[in-house]
Amino acid sequence: MFYEDNTAQLRFGDVLKGFILITPKIKEPFLNSQNHQYNINIEVPSFSIVLSPCCSIGEKKISLTPLIRVRKTFFENPYFDTDLTRINRRMNPKDAFTPKKWEDKSPEEKAIILKDDFVYSFVELFIYEQDNLFPEYPVRRHGETINIRYYMIDFRNTYKVDCEKIKSPYVAPLESKCLQLSIQARSELRDKLAYYYGRVPQEDMMLED
């Protein structure tokens, strides 16, 4: 089960509506008074996802990320084809590749990949299961057009919102809450987000050794 009945609080992973997304775009850092070139894009995504830990929601602040459409290329991988939420969990390294991409790799490359027992694919992405709340949209799958309600989040799109009504997880604009993750789905989101931020660069591992 991916979703469960809503509780009267804001929780990590909740689907919300009514929040704005502001994205500043700059040409380069503002290192002097002559290069202040920037744009600010303002959007109202249909749905946003709470990425603040449950116990950190409050003080008029919350971290969100917009819910966006999935990539049609996911369906090219037979392991993802029948259940896109498999992307959320660790998998056999070979399952992270389409059959063609796997066959194109050399024996040496395959051996290196298979050294790991289980891995995440698309480490920056988390798929939300289909729900009637979400609008349908068309994708091409195996040569035909189908309508789906899968959506996803990209951890790289996280942003902060100040909201006067958010005092705590319980004292908040609960009318904006649409869906709540099950304990299992919330745990999977937490684990993948922790992995995304907790990866150690190769050069750091070499120095640690």
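Scroll up to find the structure this text is about.
Now for a look at the structure at hand. (Residues numbered from 1 in each chain as written. Predicted model: local features only at pLDDT ≥ 70, side-chain atom pairs only at ≥ 80, totals over all residues. Heavy atoms only, no water.)

1. Concerning the pairing of strand S10 (residues 144-148)
And step 1. Bridge count for strand S9 (residues 137-141) against S10 is five bridges, and the pairing is antiparallel. What sits directly across from Arg141, in S10, is Glu144.
And step 2. Here S9 folds back onto S10, and the loop between the two strands holds two residues, one of which, His142, carries a positive phi near 55°. (Pairing = 2+ DSSP bridges. Helix = DSSP H or I, 4+ residues; strand = E, 2+ residues; numbered from the N terminus.)

2. Looking at a nonpolar patch on the surface
And step 1. On the surface, Ile20, Ile22, Ile26, Phe30, Tyr38, Ile40, Ile42 and Val44 cluster together into a nonpolar patch covering about 790 Å² of accessible area.
And step 2. Within the residue set of the nonpolar patch, elements represented by two or more residues are strand S3 (21-26) and strand S4 (38-43).
And step 3. If you tally residues by element for the nonpolar patch, the top one is S4, at three residues. (Patch = residues over 30% accessible without salt bridge, like charges linked within 9 Å, V, L, I, M, F, W, Y side chains within 5 Å. Areas by Shrake-Rupley, 256 points an atom, 1.4 Å probe, with all protein chains shown as cover. Salt bridge = Lys/Arg side-chain N within 4 Å of Asp/Glu carboxyl O.)

3. Focus on the layout of surface pockets
And step 1. Space inside the largest pocket adds up to approximately 250 Å³.
And step 2. Forming the walls of the largest pocket are Pro93, Ala96, Phe97, Ile113, Asp116, Val119, Tyr120, Ser121, Phe122, Val123 and Tyr195.
And step 3. Taken together, the residues that form the lining of the largest pocket break down as nine nonpolar, one polar and one charged.
And step 4. Residue lining of the second largest pocket: Thr73, Phe74, Glu76, Asn77, Phe80, Ala96, Phe97, Thr98, Lys101 and Phe122, and that is the complete set.
And step 5. Grouping the constituent residues of the lining of the second largest pocket by class yields five nonpolar, three polar and two charged. (1 Å grid on protein atoms, 1.4 Å probe; cavity = no way out; pocket = protein on both sides within 12 Å on 5 of 7 lines; lining within 4 Å. Points joined across faces, edges and corners; volume = space filled by probe spheres on them. Nonpolar A, V, L, I, M, F, W, Y, C, P; charged D, E, K, R; others polar.)

4. With respect to the side chain of Thr98
And step 1. Among the structural elements, Thr98 can be located in the loop between helix H1 (78-81) and helix H2 (99-103).
And step 2. When sequence neighbours within four positions are dropped, the list of residues in contact with Thr98 reads Glu76 and Asn77. (Contact = heavy atoms within 4.5 Å.)

5. What to know about helix H4 (residues 183-198)
And step 1. For H4, built from 16 residues, the straight-helix expectation of 22 Å at 1.5 Å per residue is met to within 8% by its first-to-last C-alpha distance of 22 Å.
And step 2. Turning to H4, its buried residues are Ala185, Arg186, Glu188, Leu189, Lys192, Leu193 and Tyr196. Angularly, the buried residues of H4 cover 160° about the axis, an arc narrow enough to put them on a single face. Structural note: H4 exposes Ile183 and Gln184 on the side pointing more than 90 degrees away from its buried face. (Expected span 1.5 Å × (residues − 1). Buried < 20%, exposed > 50% of the residue type's maximum accessible area, 1.4 Å probe, protein only. Arc of directions from axis to C-beta.)

6. Section: the sheet that holds strand S7 (residues 68-69)
And step 1. Read from one edge of the open sheet, three strands run S7-S11-S8, paired in antiparallel fashion. Edge strands, defined here as strands with exactly one partner in the open sheet, are S7 and strand S8 (125-128).
And step 2. Looking at chain direction, S7 and strand S11 (residues 151-154) are connected through two bridges and run antiparallel. Looking across to S11, one finds that Ile68 is bridged to Met152.

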